[in-house]
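Letter by letter, the chains look like this.
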Amino acid sequence: MQLVYQADNLFDAHLVKHALEAAGIPAFVFGESLLGGMGELPLFGVLRVCVPDAAQAPADAIVAALDLGNVSAGPIVDGDPEPGMLPA
């Protein structure tokens, strides 16, 4: 098994898993059962998405295409000439 993504939260881990499975690559989320193990304290770095050794190269390309590392500014940015929908 090869690590292709280390997730900060369960949503991202399953997003990557489902994207890989949609491409025909078996994927596994490890560490999911540890999330409640420390009670109120959050655990970081325990969620890992892994694939079989032979599927690492195509899986890396799929994960990179998801672009989960970049956070966008959001739908409304100060200074936009046409901000779109404004909050009520």
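This text follows the structure it describes.
So, here's what we can say about the structure.

## Some details on unusual backbone geometry
Move 1: A positive phi angle, close to 55°, is found at D67, a residue other than glycine.
Move 2: For D67, the location among the structural elements is in the segment after α2 (56–66).

## Observations concerning a nonpolar patch on the surface
Move 1: On the surface, a nonpolar cluster with roughly 270 Å² of combined accessible area is contributed by M1, F28 and F30.
Move 2: By the secondary structure assignment, F30 is in strand β2 (residues 28–30).

## Describing helix α1 (residues 10–22)
Move 1: For α1, spanning 13 residues, the distance from its first C-alpha to its last is 18 Å, which sits close to the expected 18 Å at 1.5 Å a residue.
Move 2: A13, V16, K17 and L20 are the residues of α1 that are buried. Buried residues of α1, seen end-on, are gathered within an arc of 100° and therefore sit on one face of the element. For α1, the exposed residues set more than 90 degrees away from the buried face come down to F11 and A22.
Move 3: Tucked into the core, α1 has its buried residues touching β1 (2–7), β2, β3 (47–51) and α2.

## Notes on the nonpolar core
Move 1: In this structure, V4, L20, V49 and V51 are the most contacted members of the largest nonpolar core, which totals 16 residues.
Move 2: Elements with a contribution of two residues or more to this core: β1, α1, β3 and α2.

## Observations regarding the pairing of β3
Within a regular beta strand, the side chains point alternately toward one face of the sheet and then the other, so they alternate between its two faces.
Move 1: Extensive coverage of β3 is indicated by the burial of four of its five residues.
Move 2: Sheet topology note: the β1/β3 ladder contains five bridges and is antiparallel. Bridge pairing in β3 links Y5 to V49.
Move 3: When β2 meets β3, the two strands line up antiparallel, connected through three bridges. Bridge pairing links F30 to R48 in β3.

What counts and what doesn't
Residues numbered from 1 in each chain as written. Predicted model: local features only at pLDDT ≥ 70, side-chain atom pairs only at ≥ 80, totals over all residues. Heavy atoms only, no water. Helix = DSSP H or I, 4+ residues; strand = E, 2+ residues; numbered from the N terminus. Patch = residues over 30% accessible without salt bridge, like charges linked within 9 Å, V, L, I, M, F, W, Y side chains within 5 Å. Areas by Shrake-Rupley, 256 points an atom, 1.4 Å probe, with all protein chains shown as cover. Salt bridge = Lys/Arg side-chain N within 4 Å of Asp/Glu carboxyl O. Expected span 1.5 Å × (residues − 1). Buried < 20%, exposed > 50% of the residue type's maximum accessible area, 1.4 Å probe, protein only. Arc of directions from axis to C-beta. Contact = heavy atoms within 4.5 Å. Core = buried A, V, L, I, M, F, W, Y, C linked by side-chain atoms within 4.5 Å. Pairing = 2+ DSSP bridges.

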